[in-house]
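Each chain is listed here by its residues.
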Amino acid sequence: MARGSKPAPKPRKTVLTHTIADFEPAFWPDEQPVDNAVVMTMGALHEGHAALIRAARKQVGKDGRVAVTVFVNPLQFNDAADLERYPKTLAADLRLAEENGADVVFAPLPEEMYPNGTPQVRLSAGPMGEGFEGAARPGHFDGMLTVVAKLLHITDPDFAFFGEKDAQQLALVQRMVADLDFDVEIVGVPTVREEDGLARSSRNRFLSEAERAQALALSRALFAGRDAAAKGPQAVREAAAAVLDGAEGLSLDYLALIDPDAFTEAPDDFQGEAVLAVAAKVGATRLIDNVRMIVR
């Protein structure tokens, strides 16, 4: 070893747990007070999730603790076929979590999370969860908030990291934490994209080569809208719509410029931070994406 050089750090060994009883001693192995963070996922991890785990590790430092939860939450699906189709890749998920700095992966079965069967008492997303993704997937956000609340109780983190790609989810979790006095800081992490601009998603694996090329219209529309932000809300909408109007193979669900505080459509005189969001089906696969911008 060269004089003055340091030995390479030992790789972090990630512990896989399936029960709350096993998770707690793995995540809190001693009484030493350290910061801890959680990254909640439904598995099928990719570079977007890796970015969340790395951000969590950076936040808590080398001595802090990072947990990754892997749970395909049945309450978030209103289509049994979609639930069945959702990819399950736990072995690969564990490797990715370990490579990016997780201490513990918590991968419970539904009966561990819901020991009494489908929960009779759930959280409601309220008006913020009624539009956009909430309209397309009734009950989805109620199920999401219910499981996020349970996982926050189980993991008891100082920080919880969520991707900005799921903009409405992030807004609702932030609002839940504020409204219900959860003692945790919610941290949004920017969307991770492929080199060609396509947002990373667990659902991208369902796209054929031709469908993947067609899906690029979504990010191109968002970037066009962002480029027009200095000209006001109407210019943003028109620039994005112009790209989608000429796109093939897309079945558009919505294109909307959104006020992120209430998650409602921004009025024509809106100024400030906004989210331009799009959802569309490409073949049989439904994709969502968004960009943030300052509208003048």
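Here, the structure is the one placed above.
To start, this report covers the structure provided alongside it. (Residues numbered from 1 in each chain as written. Predicted model: local features only at pLDDT ≥ 70, side-chain atom pairs only at ≥ 80, totals over all residues. Heavy atoms only, no water.)

Locating Asn204 in the fold gives a position in the loop between strand E6 (185-189) and helix H9 (209-227). Note on Asn204: relative accessible area 12%, which makes it buried. Placed 83 residues apart in sequence, Asn204 and Leu287 show a C-alpha to C-alpha distance of 8.1 Å. Apart from residues lying up to four places away in sequence, Asn204 is in contact with Leu198, Ala199 and Leu287. Within polar-contact distance, the side chain of Asn204 engages the backbone oxygen of Ala199 at 3.0 Å. (Helix = DSSP H or I, 4+ residues; strand = E, 2+ residues; numbered from the N terminus. Buried < 20%, exposed > 50% of the residue type's maximum accessible area, 1.4 Å probe, protein only. Contact = heavy atoms within 4.5 Å. Polar contact = N/O pair within 3.5 Å; in protein donor to acceptor, adjacent residues only side chain to side chain.)

Here we take up a negative patch on the surface. There is a patch of like negative charges on the surface, built from Asp35, Asp156, Asp158 and Asp183. Of note, Asp156 is situated in the loop between helix H7 (140-155) and strand E5 (159-163). (Patch = residues over 30% accessible without salt bridge, like charges linked within 9 Å, V, L, I, M, F, W, Y side chains within 5 Å. Areas by Shrake-Rupley, 256 points an atom, 1.4 Å probe, with all protein chains shown as cover. Salt bridge = Lys/Arg side-chain N within 4 Å of Asp/Glu carboxyl O. Lys, Arg positive; Asp, Glu negative; His and termini not counted. Charge placed at Lys NZ, Arg CZ, Asp CG, Glu CD.)

Let us look at the nonpolar core. Core analysis: the largest hydrophobic core is formed by 44 residues, its most contacted members being Val148 and Leu152. Those elements that place two or more of their residues in this core are helix H1 (20-27), strand E2 (36-41), strand E4 (104-106), H7, E5, helix H8 (167-179), strand E7 (250-259) and strand E9 (272-282). Per-element accounting of this core gives the leading share, 9 residues, to H7. Setting aside its immediate chain neighbours within four residues, Leu152 contacts Met40, Pro157, Ala160, Met176, Val177, Phe182 and Val184. Grouped together as the second largest cluster of nonpolar side chains are 23 residues, Leu198, Leu216, Ala266 and Leu287 included. (Core = buried A, V, L, I, M, F, W, Y, C linked by side-chain atoms within 4.5 Å.)

On to the environment of Met113, then. Position of Met113 among the secondary structure elements: in helix H5 (residues 110-113). For the pair Met113 and Leu151, spaced 38 residues apart in sequence, the C-alpha separation works out to 8.9 Å.

Moving on, we come to the packing of aromatic side chains. According to the stated counting rule, one finds 8 aromatic pairs in the structure shown. Through successive ring pairs, a cluster of aromatic residues spans Phe23, Phe27, Trp28 and Phe106. One Lys or Arg, Arg85, reaches over the ring of Phe206 and ends 4.0 Å from the middle of that ring. (Phe/Tyr/Trp six-rings, centres within 6.5 Å; stacked < 30°, edge-to-face > 60°. Lys NZ or Arg CZ within 6 Å of the ring centre and 35° of its normal.)

Oppositely charged side chains can pair when the atoms bearing their charge come close. Scanning the entire structure with this criterion turns up 16 salt bridges. For Asp103, the salt bridge identified is with Arg65, shortest N-O distance 3.5 Å. Here the residue Asp103 occupies a position in the loop between helix H4 (90-99) and E4, and Arg65 occupies one in strand E3 (residues 65-70), the gap between them amounting to 38 residues. We classify Asp103 as buried; its relative accessible area is 5%. Overall, the relative accessible area of 18% leaves Arg65 in the buried class. Asp268 serves as the salt-bridge partner of Arg237, at 3.1 Å between the closest nitrogen and oxygen. Here the residue Arg237 occupies a position in helix H10 (residues 233-245), and Asp268 occupies one in the loop between strand E8 (264-265) and E9, the gap between them amounting to 31 residues. Residue classification places Asp268 among the exposed positions, given a relative accessible area of 55%. Members of the salt-bridge network, linked through shared partners, are Glu194, Asp196, Arg200 and Arg212.

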